[in-house]
Amino acid sequence: MKKQWILVALFLGAVNIYAQTEDEDIKKENVVVEFSFNPTLSDVFKLKSTPNAQEEFAKENIKYKINPKQVPSDFVPITKQAVYVDIDDPKPINYRSYLYGAVGVYGNAEIEMMLRPNAVNGYTYGIDFSSYNIQNGIDDERVDNGQWNSKVNLFLAKNNKKYNWKTNADYQRNKIHWYGLDSDVLESDYQNQNVEQVYNSLTFSGTIDYKNAKVKSLSPSINFFSDGFESSEVDLKVATVLDKSMFKDYIETKVDFEYLNGSFGQQYTNTTNINYSFFNLGVTPSYTYQANNFQLSAALGLYVNANREASTSKFWILPNVQADVKLIKNIMTLHGGIRSSLDQNTYQSLVAQNPFMSPTAEILTTTTPVDVFIGLDGKLTKTISYSTEASYKQVKNKALFVHNDALAPTSINQPFQMGNSFGVMYDDVTILSVKGAIEMMFSKQLTGGVLATLNSYSPEAWNLPNMVIETYVNYTHKKWFGQVGLNIVDGRDDLVEEVATKIDGFLDLNVKGGYKINKRLNAHVNIYNLLDNNYQSYTNYQVQGFQLVAGLSFKF
């Protein structure tokens, strides 16, 4: 604990000098809710909207993105962001704040708030808040299965002559339940168990962007993460970018530092503590060359990764090189190269992927020394754009979620030991991947797109799909707006009692609609899982069926 307070003191001393101002105004506009996708199972998002509003509206396309919000619909994390599109008005009036609320079946409720008061003595500040709550709404579940996810963000920023700075304070609370009990668990084994888990995250962060200085930017952050089972984690990061002027205007250098320290109160089968601690330091010089129809970006990451608990350290050389060639100007661009990365897994990052994991995980570092890729992107017509990419990737210590076997009734002393949680397995995985996306503007009112991802894993990558297809259609006409999204996810394999077990794929259809009552007030209706498919997000974790919420949004 003493070390943690020392880290806090060091961080707060740095925070006092930085950040970056963002004085975003929300103008009169049509509010459309956008859903974004990530082609991993743990983030099967609902809708995706990327309309080319610049061709549709004469005014500048304005998008204001509220911080990502986890929606507990389907018990699958759904990231939403509000997108605002200008309405042509001869006398625009600025609105600086936004409020959205909706309620629906199963006790589902969604609340979003964004407040942006006027600047005071050059200081800009604001608050973002979101809360997504559902009650028990899954049929035939034997224990509580609700979820409540809330976030709040505070920021303070200012522009100065020599630098801009911004500080942030973020708090998130996510309550879930381990409701996916193994079918063999008897009522006498679970009736006295409280399957509730609560995750708490507190983050202080900031940025400072210097003008005409050797140090281009400085971005420190510190995160405190904990749960309801004596797990705790501190993650301190500092990123610095050194300006090209330090190296004769040729080379920009990024320096990354991370110190991670945490512990779990027990292992899955016994009460022995699990401690972990990592120190990572990276220096990445980069160079960019640009000609008329050609651009080359090259970077070489030099990283030290030290596992302090295991008293081991590794040195990594991680190149990142990409070449872009315009084969046909504004129509076709060829890109290719090699990528590599070092990713420090944390308890928080693993929970973000699968909140039903047990608080007994091993924490390791994942590295991708080889990721060779080639692709094409461009436009087929003025209203049809495309992007394709094929890649070959080697990943060391890839984190994979596997089903935890239920313990014998006499050995169960924690609510996550009844075949209702997941552990983390690390493996070296080779991934062949092909991705393709196409976006179309059928008219000024109608846009759509398709994103398809095909993956081949060697060896088996538990709980990762081989195929994900995501489609969306957006429609706007006068005072009406709407979206339709269809997700298709291939079946996955899970390791249950040391046997590969197939989880069926699923099709998920979602519809959103709205009506602009006036320039400030909009009405919304959101329907999730319209086809009422009771698929599983993970083994034994059935999602909610048909869901509907309705509400209002107001700009002021």
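Residues numbered from 1 in each chain as written. Predicted model: local features only at pLDDT ≥ 70, side-chain atom pairs only at ≥ 80, totals over all residues. Heavy atoms only, no water.

Engineer: Even after reading the chapter, I still don't get unusual backbone geometry, so can you show me in this structure?
Structural biologist: With the exception of glycine, most residues fall at negative phi, and the peptide bonds are largely trans. For the bond running from Ser458 to Pro459, omega is -5°, close enough to zero to count as cis. Relative to the elements of secondary structure, Pro459 occurs in the loop between strand E22 (446–458) and strand E23 (467–477). A positive phi is found at Asn397, a non-glycine position, where the angle reads about 60°. Unlike most non-glycine residues, Asp532 shows phi in positive territory, near 55°. Among the secondary structure elements, Asp532 is positioned in the loop between strand E28 (521–528) and strand E29 (536–538). (Helix = DSSP H or I, 4+ residues; strand = E, 2+ residues; numbered from the N terminus.)

Engineer: Any chance you could explain the pattern of salt bridges here in plain terms?
Structural biologist: Pairs may arise between side chains of opposite charge once their charged atoms sit close together. Applying the stated criterion across every chain, the model contains five salt bridges. Glu252 is the partner of Lys216 in a salt bridge, and the nearest nitrogen-oxygen pair spans 3.0 Å. Residue Lys216 is located in strand E12 (residues 215–226), and its partner Glu252 is located in strand E14 (residues 252–264); the two are separated by 36 residues in the primary sequence. The residue Asp256 makes a salt bridge to Lys254 at a minimum N-O spacing of 3.9 Å. Judged by its relative accessible area of 19%, Asp256 is buried. (Salt bridge = Lys/Arg side-chain N within 4 Å of Asp/Glu carboxyl O. Buried < 20%, exposed > 50% of the residue type's maximum accessible area, 1.4 Å probe, protein only.)

Engineer: Even after reading the chapter, I still don't get the pairing of strand E10 (residues 163–177), so can you show me in this structure?
Structural biologist: Two faces make up the sheet, and in a regular strand the side chains alternate between them. Here twelve bridges tie strand E9 (residues 147–159) to E10, and the two strands are oriented antiparallel to one another. Along E10, the bridge assignment pairs Ala157 with Lys166. Hairpin remark: E9 followed by E10, antiparallel, with three residues in the connecting loop. As judged from the 15 bridges shared by E10 and strand E11 (residues 196–210), these two strands associate in the antiparallel manner. Across the sheet, residue Gln172 finds its bridge partner in E11, namely Ser201. (Pairing = 2+ DSSP bridges.)

Engineer: Got a minute to help me understand the environment of Tyr386 in this structure?
Structural biologist: Along the polypeptide, Tyr386 turns up in strand E20 (residues 384–403). Tyr386 gets classed as buried once you look at its relative accessible area, which sits at 15%. Between the C-alpha atoms of Tyr386 and Ile331, which are 55 residues apart in sequence, the distance is 9.6 Å. Setting aside its immediate chain neighbours within four residues, Tyr386 contacts Ile331, Met332, Leu376, Asp377, Gly378, Lys379, Leu380, Ala437 and Ile438. At 3.2 Å, the side chain of Tyr386 forms a polar contact with the backbone oxygen of Ile331. (Contact = heavy atoms within 4.5 Å. Polar contact = N/O pair within 3.5 Å; in protein donor to acceptor, adjacent residues only side chain to side chain.)

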